[in-house]
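Geometric and topological summary
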Amino acid sequence: MRRSAAALLGIVGGMVAGAAFIRRRSVRRERVDLYYENGSMVSLSNGSPDAERLLPLARDILRSTR
């Protein structure tokens, strides 16, 4: 009885973890990654003031290349 309850709990836990992983991957998050010559990188997430200026430009560039 304990084995089957543990197995059932493991299966349910795996399903919940899988659903959370899929949901996290499906959320579309935009960000701007700035790469510098010295090898450093800065990532600006959607919602930051600098990203709000650069994201429309990046969208236009991507749209024009398609």
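Heads up: the structure comes first, above all this text.
The rules behind these values
Residues numbered from 1 in each chain as written. Predicted model: local features only at pLDDT ≥ 70, side-chain atom pairs only at ≥ 80, totals over all residues. Heavy atoms only, no water. Helix = DSSP H or I, 4+ residues; strand = E, 2+ residues; numbered from the N terminus. Rg over C-alpha atoms; globule rule 2.2 N^0.38 Å. Contact = heavy atoms within 4.5 Å. Areas by Shrake-Rupley, 256 points an atom, 1.4 Å probe, with all protein chains shown as cover.

All right, on to the overall build of the protein chain then. Broken down by element type, the protein chain carries 2 helices and 2 strands. Starting at the N terminus and walking to the C terminus, you meet the elements of the protein chain as α-β-β-α. The C-alpha radius of gyration of the protein chain comes to 21 Å, more than 25% above the 11 Å expected for a compact globule of 66 residues. Projecting the C-alpha coordinates of the protein chain onto the three principal axes gives extents of approximately 60 × 30 × 25 Å. Partitioning the contacts of the protein chain with sequence separation of at least 6, the portion at a separation of at least 24 is 10%. Total accessible area on the protein chain stands at roughly 6300 Å², and carbon and sulfur atoms take up 59% of it.

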